[in-house]
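Spelled out from the first residue to the last, the chains are:
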Amino acid sequence: MTRDREILKNDHPGNINNRGIGIDPLVVLNLIRKNWYFLLIGLIAGYFGARRYIAHTLPVYRVSTTILITENGERSGTDRDAILLGMGLQGGMANIDNQIRMLYSRALTESALEGLNFEVDYYRRTLRNILPFYPDVPVRVISENDIPLPKNIEFSITFLGDDWFILESGSESYPLNIQAVFGQDLEINGKSIRIAAIDENWVNSNVDEKIFFVIHSRESLIRRFNSRINAQLLSGSILEVSITGTNRAKDVEFLNRLAEVFQSVSLDKKNQEAIRRIQFIDNQLVGISDSLLRTETMLQQFRSRHRIMDISAQGQALLSQINTMEREISRLSLEAEYYDYLEDYLVSDVEGSAPMIPITMGISDPALTRLVSELAEMHGQLSDRRAGEMNPLQNLLVQRMRNTKDALLETLKGLRQANNMAMADAQKQVARINTQASVLPETERQLLGFERQFRLNDELYTFLLQMRSQQQMQMASNIADSHVVDPADIYYSSIVYPNRTMVMFVGVFAGTGIPMLFIFILFLFNKKLKHEEISAMTDLPVVGNIPVNTGDTKTIVLDKPASNIAEAFRMLRSNMLFFTKDSISPVFLITSSMPEEGKSFTAMNLASAYSMLGKKTVIVDFDLRKSTMARDFNIPNHKGVSTWLIGQDNIEDIIQQTPHENLSIIPSGPFPPNPSELIASEKTAELFKKLKNCYEYIIIDSAPIGIVSDTLHLVPLADTCLMVVRPGQTLRDLFGTTLSQIDGLGIKGLCMVINGIKSEHTYGRYSKKYGYTDDEQKTKRFWLMEGAQKEPGINQVRKGSTTGKLSRKFHLKS
């Protein structure tokens, strides 16, 4: 026990911790606990603010449709897939990528809008929102042709009642103010329009209300819808096309129309190819049909004229050979005509259509078919202008098309040569057969010629008709490359804004975060010391926790001995026994880092606590700059420490007895001009030597040690130094500076007293809870039971009567 007391007496300076505060989580938590009601108010305000925002914000809906893309099973055996792989596109994804690009095209959007009446937008304005009318509108602008009002300008219709309205323009560039009746023809810019009331009940019930409308230009309307289209691949070859907006009914109608037009594009493309093939065949049939009719007429006339119906067996054999060769010559002629068509296509660099595939014309050359198929596929890739001229894939396709065309021209040269050689050989065979037929009779030979020409034209005509039928059947069986899986539906739309969960989260977060931020900023800019920060700044032992004094008296121990504050000073008195047990007439130096921390309050009440023990106690007021002790005890201050130090008065002259037993005071006296020099004189030590002969406890009330140096001269004369700190009053930086200054000075018995503690930081709530210190009337009753007279107050009982002394002793023993 003795060793522990020595450690407390001698090693306190080494316990001073000068590490800074930083942001202690405990401080933050305590800050939240103290200001919980602000956070609760902010939370409630944020919650209801978020609900109000959601209720008064026009929702943005997302509507979507899903489309299945039918991939083309034909694959060209070229290195085109490798090129696409190098550009980051798998071969199987090329067609889907083209379809997605087509959905984004402005041309497709324009085609979709052509069948929709979206040119005029009708809406109503509120404080924050624009509320559209669609599909049901209360009024409508009607014109036989285009509405003669300028585009992209806001107009308003104000209802006056009795079918009257005012049509106004919202633009200064086009002033307009017309008052008319619904259904009346209005002449504007030389054209006639009418404003019709579609819903008369709505109009009559909204007198003085305004409906606004805007006539969109074609370009702005296309841009408005096209910019909102979003297409993405869901899985496999299924696309989801969506659009977001505030008018989901209009968006659903547009999206379904867009899907319909999108399907018709691929179907129309296939039909156009079939139509081109049929047209090519029809052009050939025109000449063949004339030749067939002519040769048939000539054959009939010859048979009728010469009364011959058939030819001999030899003639039949020659005719069969000639027909075979003539068919070959016809096939070669068709090939030559296709070669002419393809060469014209390549040389003229036709845009907007792909070349016909040769296999559809009965040409089965694999090299030619492969090159034309490649060119057709690359033409489909290039037809999407959305990629832009600087797109590397498009530039690569352009170069590939040029190379393919050059390869086709070279291939055509070889095919033409082969075709010419085959044609010449076939003609030689025909000439040889004709030579053999020359041995036949003249009539039979002529009939053979007519039969040969007729059969050749007939077979060629039949062949072309078969090909034409095949192309018509192909055209009739063509289907679109896509079909709608799930059409857009207003009942399956979803709200994308405002996001209710996110808005509620932001509202709650802002409702709690903003007050917390404000509190934290105030905390950062508050330079006053917090109770929680004391332990973070120093390791000095705390020997006393004094609750805040809310009363009008400072001598609380004497005036209210049953209060929490009086009990706290009695506990401080008990704790000081560990520091002064071995001291005779111990000297307590009470100081602080700055004024208004309660050092004088601590000094007078600690001295009062010792005096109530029956110990002769004196308070020495060494605050020679700003003393209040004399005023608090209501004693004169013309004599005191300062007059003793200058040798003007004796010690008996400066000691003044208070009205309370065993308690004396030496006031500061008049304020001198050189207090520090006076305190540093030998008269100070002589004063304490004399006081120790007369008093059992000496309490020094000194000047703040953090501001002036007066107290440093008193430190060597004291047995224990009590540093008073007051949370909420002490400046944090000054407190830290004071700790740094006194660290290492070897101050004996240095400890701390925390003054002005709120009830949640002290033991007072427990003492009140268990009924020890909260009822002063209970103490009065104990004293009166000992025979005291019923007086108005405790001070009167304590003054001057033996009964009061006995009751006081009883109270101390208790």
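Details of the structure are given in the entry above.
Residues numbered from 1 in each chain as written. Predicted model: local features only at pLDDT ≥ 70, side-chain atom pairs only at ≥ 80, totals over all residues. Heavy atoms only, no water.

**Q** Is there a simple way to explain the overall build of the protein in this structure?
**A** Secondary structure summary: the protein contains 29 helices and 22 strands in total. Intrachain contacts of the protein at a sequence separation of at least 6 include 77% that bridge at least 24 residues. Taken as a whole, the protein presents about 42100 Å² of accessible surface, with 53% of it coming from carbon and sulfur. (Helix = DSSP H or I, 4+ residues; strand = E, 2+ residues; numbered from the N terminus. Contact = heavy atoms within 4.5 Å. Areas by Shrake-Rupley, 256 points an atom, 1.4 Å probe, with all protein chains shown as cover.)

**Q** Honestly, the pairing of strand β10 (residues 210-215) in this entry has me stumped. Any pointers?
**A** Each regular strand displays side chains that alternate between the two surfaces of the sheet. Counting buried positions along β10 yields five of six residues, so the element is predominantly enclosed. Here four bridges tie strand β2 (residues 120-125) to β10, and the two strands are oriented antiparallel to one another. Among the inter-strand pairings, V120 is bridged to a residue of β10, identified as I215. Relative to β10, strand β5 (residues 154-161) runs antiparallel, the two sharing five bridges. (Buried < 20%, exposed > 50% of the residue type's maximum accessible area, 1.4 Å probe, protein only. Pairing = 2+ DSSP bridges.)

**Q** I'm lost on the packing of helix α6 (residues 106-114) against helix α8 (residues 218-226) in this one. Help?
**A** Each pair of packed helices can be described by the angle between their axes along with the distance between the axes. Contact geometry of α6 with α8 gives a least axis separation of 9 Å together with a crossing angle of 110°. With respect to α8, the axis of α6 lies roughly perpendicular. You can see that α6 and α8 cross each other, and the crossing is right-handed. Contacts between α6 and α8 pair R106, T109, E110, L113 and E114 from the former with R218, L221, I222, F225 and N226 from the latter. Among the residues forming the contact of α6 with α8, the class breakdown is four nonpolar, two polar and four charged. (Axes fitted to C-alpha atoms, helices over the stretch in contact; angles between N-to-C directions. Parallel < 35°, antiparallel > 145°, perpendicular 65-115°, else oblique. Left-handed = near helix turned anticlockwise from the far one by under 90°. Nonpolar A, V, L, I, M, F, W, Y, C, P; charged D, E, K, R; others polar.)

**Q** Is there a simple way to explain the sheet that holds strand β6 (residues 164-169) in this structure?
**A** One open sheet holds the six strands; their spatial order is β3-β2-β10-β5-β6-β7, and the pairing between them is antiparallel. A strand with exactly one partner marks an edge of an open sheet, and here the two such strands are β3 (130-132) and β7 (177-181). Taking the axes of each pair of neighbouring strands and ignoring which way they run, one obtains an average angle of 30° across the sheet. Both β6 and β7 contribute to a ladder of five bridges, which runs antiparallel. Bridging from a neighbouring strand, E168 pairs with N177 of β7.

**Q** Is there a simple way to think about the packing of aromatic side chains in this case?
**A** How two aromatic rings sit relative to each other is set out by the distance from centre to centre and by the angle between their planes. Overall, the coordinates contain 20 aromatic pairs when judged by the stated rule. Taken together, a centroid distance of 5.5 Å and an interplanar angle of 20° make the contact between F155 and F213 stacked. Of this pair, F155 sits in strand β5 while F213 is found in strand β10, placing the two residues 58 residues apart along the sequence. For the residue pair F155 and F213, the accessibility class agrees, reading buried in each case. For the pair F159 and W202, a centre-to-centre distance of 5.9 Å together with 85° between the ring planes defines the contact as edge-to-face. With F159 in strand β5 and W202 in helix α7 (residues 200-204), this residue pair connects regions lying 43 residues apart in the sequence. A relative accessible area of 1% places F159 in the buried class. Following the ring pairs from residue to residue traces out a cluster consisting of F133, F159, F165, F182 and W202. Above the plane of the ring of F212 lies R125, whose end atom (NZ or CZ) is 5.6 Å from the centre. (Phe/Tyr/Trp six-rings, centres within 6.5 Å; stacked < 30°, edge-to-face > 60°. Lys NZ or Arg CZ within 6 Å of the ring centre and 35° of its normal.)

**Q** What is the right way to look at the sheet that holds strand β16 (residues 587-592) in this model?
**A** Pairing between the strands of a sheet comes from backbone hydrogen bonds, and it takes one of two forms, parallel or antiparallel. Pairing in this open sheet of eight strands is mixed, and the strands run β15-β22-β21-β16-β20-β17-β19-β18 from one edge to the other. In this open sheet, the two edge strands, each paired with only one partner strand, are β15 (542-547) and β18 (656-657). As defined by bridge partners, β16 adjoins strand β21 (residues 720-725) across five bridges and the pair is classed as parallel. Note on β21: the bridge partner recorded for T591 is M723. Set on the sheet, helix α17 (residues 564-575) makes contact with β15 and β22 (750-757); between it and β15 the angle comes to about 170°. Packing of helix α24 (residues 682-692) onto the sheet brings it into contact with β16, β17 (617-621), β19 (663-666) and β20 (697-701), and relative to β20 it is tilted by some 145°.

**Q** Hey, could you run me through α17 in this one?
**A** Two residues of an α-helix separated by three or four positions point the same way, owing to the 3.6 residues in each turn. In a regular helix each residue adds 1.5 Å, so twelve residues correspond to 16 Å; α17 covers 16 Å between its end C-alpha atoms and thus fits that length. Among all positions of α17, only N564, I565, A566, A568, F569, R570, L572 and R573 are buried. (Expected span 1.5 Å × (residues − 1).)

**Q** What's the story with the environment of A630 in this structure? I'm lost.
**A** Here A630 is to be found in helix α20 (residues 629-633). Judged by relative accessible area, A630 falls into the buried class, the value being 7%. In this structure, the C-alpha to C-alpha distance between A630 and P667, residues 37 residues apart in sequence, is 5.8 Å. Apart from residues no more than four positions distant in its own chain, A630 is found in contact with I635, P636, N637 and P667.

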